[in-house]
Amino acid sequence: MSAIPPELPKPLRERAERSVAQLRAAVAEYKNVCYANSLGSESVVLTDLIWGSVPEIDIFSIDTGRLYPETYDLIERVQRRYARALRIYYPAAADLEAWVGANGINGFRDGLEQRRGCCAIRKVAPFRRAVSGRGAWVTGIRRGQSASRALAAPVEWDSEYGLHKVSPLLDWSEAEVWDYIRWKRLPYNSLHDSGFPSIGCAPCTRAVQNGEDERSGRWWWERAESRECGLHPRRKIPTAALG
Ligand code: SF4
């Protein structure tokens, strides 16, 4: 059965078809492609497109150990819907124990260096293992999510991890993501109904107010330009774009 139902409104169907075409082109070009599923609203759209139309792309998620209970519920519901298992990567226990021993259980709040240290162990290291030996990884970032992500390209060379990075939802709006979720009745994280447009680890994510940047609930105590976990580059943003 097609992942993209013909009854979808034409603009949305065309958006989805373009994203699938981009995913297929990535498989043709880079062969061994994986998708880093971050379990947000974009992720359920991409999971549906991949498992419905480009199933040769491996999907994985990272369990940092500090996720919201609602996020674990979502993993369960997604797996049940597609009768497929997400591959879950975990931080290295010894590294995590050493870091918590040195910095404290919530030491990531003590400064940018500590926060990046926690993300490095809980997210970046498992991610590095997951993409090792791959030709490309897929991400669900959209231009509308932040000033930094607005500068991204659909396909980029990811010099940090040594493979290509493909962003098939880059030009989707938040409204299109939600239209697709509703049309297909996809499972999604229930925190999205409580003001969370972007959901990461529980201690580092909060709800946002109407009109705020979608990413403003992530590491909200930091300056906007530092709010990435290390999987996406922190681009130099023109001063004018920061408003
Ligand atoms: Fe640690 Fe917060 Fe980064 Fe999660 S988001 S890995 S809890 S610093």
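Overview of the structure.

Parameters and conventions
- Residues numbered from 1 in each chain as written.
- Predicted model: local features only at pLDDT ≥ 70, side-chain atom pairs only at ≥ 80, totals over all residues.
- Heavy atoms only, no water.
- Near = heavy atom within 4 Å.
- Nonpolar A, V, L, I, M, F, W, Y, C, P; charged D, E, K, R; others polar.
- Pairing = 2+ DSSP bridges.
- Helix = DSSP H or I, 4+ residues; strand = E, 2+ residues; numbered from the N terminus.
- Axes fitted to C-alpha atoms, helices over the stretch in contact; angles between N-to-C directions.
- Contact = heavy atoms within 4.5 Å.
- Buried < 20%, exposed > 50% of the residue type's maximum accessible area, 1.4 Å probe, protein only.
- Expected span 1.5 Å × (residues − 1).
- Arc of directions from axis to C-beta.
- Parallel < 35°, antiparallel > 145°, perpendicular 65-115°, else oblique.
- Left-handed = near helix turned anticlockwise from the far one by under 90°.
- Phe/Tyr/Trp six-rings, centres within 6.5 Å; stacked < 30°, edge-to-face > 60°.

## Some details on the site of the ligand
Phase 1 of the analysis: Around the ligand, a shell composed of Phe108, Arg115, Cys118, Cys119, Arg122, Lys123, Cys201, Cys204 and Trp219 is seen.
Phase 2 of the analysis: In the shell around the ligand, the residues fall into 6 nonpolar, no polar and 3 charged.

## Let's talk about the sheet that holds strand β5 (residues 155-158)
Pairing between sheet strands relies on hydrogen bonds along the backbone, with the strands arranged either parallel or antiparallel.
Phase 1 of the analysis: Here 6 strands make up an open sheet; going across it, the order is β3-β2-β1-β4-β6-β5 and the pairing mixed. Of all the strands in the sheet, just β3 (87-89) and β5 have a single pairing partner and so form its edges. This sheet shows a mean twist of 30° between the axes of neighbouring strands, independent of strand direction.
Phase 2 of the analysis: With 4 bridges connecting them, β5 and strand β6 (residues 163-166) associate as antiparallel partners. Counterpart to Glu156 in the pairing with β6 is Lys165.
Phase 3 of the analysis: Packed on one face of the sheet, helix α5 (residues 112-131) meets β1 (33-36), β2 (58-62), β3, β4 (136-138) and β6 and runs near 160° to β2.

## Remarks on the environment of Tyr89
Phase 1 of the analysis: With respect to the helices and strands, Tyr89 occurs in strand β3.
Phase 2 of the analysis: On the basis of relative accessibility, which here comes to 8%, the residue Tyr89 falls in the buried class.

## With respect to unusual backbone geometry
Phase 1 of the analysis: Despite not being glycine, Leu39 shows a phi value in the positive range, around 70°.
Phase 2 of the analysis: Counting through the fold element by element, Leu39 comes out in the loop between β1 and α2 (41-53).

## Some thoughts on the pairing of β6
Phase 1 of the analysis: Where β4 and β6 come together, 3 bridges link them in parallel fashion. Bridge pairing links Ala136 to His164 in β6.
Phase 2 of the analysis: Turn length for the β5-β6 hairpin, with the two strands adjacent in sequence and antiparallel, is 4 residues, and the turn residue Gly162 shows positive phi of about 75°.

## Here's the deal with helix α3 (residues 69-82)
Phase 1 of the analysis: The first and last C-alpha atoms of α3 sit 21 Å apart over 14 residues, in line with the 20 Å expected at 1.5 Å per residue.
Phase 2 of the analysis: Among the residues making up α3, those that are buried are Thr71, Leu74, Ile75, Val78 and Tyr82. End-on view of α3: buried residues confined to an arc of 105°, all on one side of the axis. In α3, the exposed positions that point more than 90 degrees away from the buried face belong to Pro69 and Arg80.
Phase 3 of the analysis: Tucked into the core, α3 has its buried residues touching α2 and β3.

## Some words on the packing of helix α4 (residues 93-103) against α5
Phase 1 of the analysis: One can describe the packing of α4 onto α5 by two numbers: an axis separation of 10 Å at closest approach and a directional angle of 165°. By the angle between their axes, α4 is roughly antiparallel relative to α5. Relative to α5, the crossing made by α4 is left-handed. Here α4 contributes Asp95, Leu96, Trp99, Val100 and Asn103 to the contact with α5, which in turn contributes Gln114, Gly117, Cys118, Ile121 and Arg122.
Phase 2 of the analysis: A breakdown of the residues in the contact of α4 with α5 according to their chemical character gives 5 nonpolar, 3 polar and 2 charged.

## So, the environment of Glu14
Phase 1 of the analysis: Residue position: Glu14 is located in helix α1 (residues 10-30).
Phase 2 of the analysis: Put simply, Glu14 and Ile4 are 10 residues apart on the chain and 9.4 Å apart in space, counted from C-alpha to C-alpha.

## What about the packing of aromatic side chains?
Phase 1 of the analysis: The full count for this structure, using the stated rule, is 8 aromatic pairs.
Phase 2 of the analysis: Measuring from ring centre to ring centre gives 4.6 Å for Phe127 and Trp137, while their planes differ by 70°; the resulting arrangement is edge-to-face. Remark: Trp137 occurs in strand β4 and Phe127 occurs in helix α5; sequence separation between them is 10 residues.
Phase 3 of the analysis: Here Trp137 falls in the buried class, since its relative accessible area comes to 1%.
Phase 4 of the analysis: Judged by centre distance (4.9 Å) and plane angle (75°), the ring pair of Phe127 and Tyr161 falls under edge-to-face.

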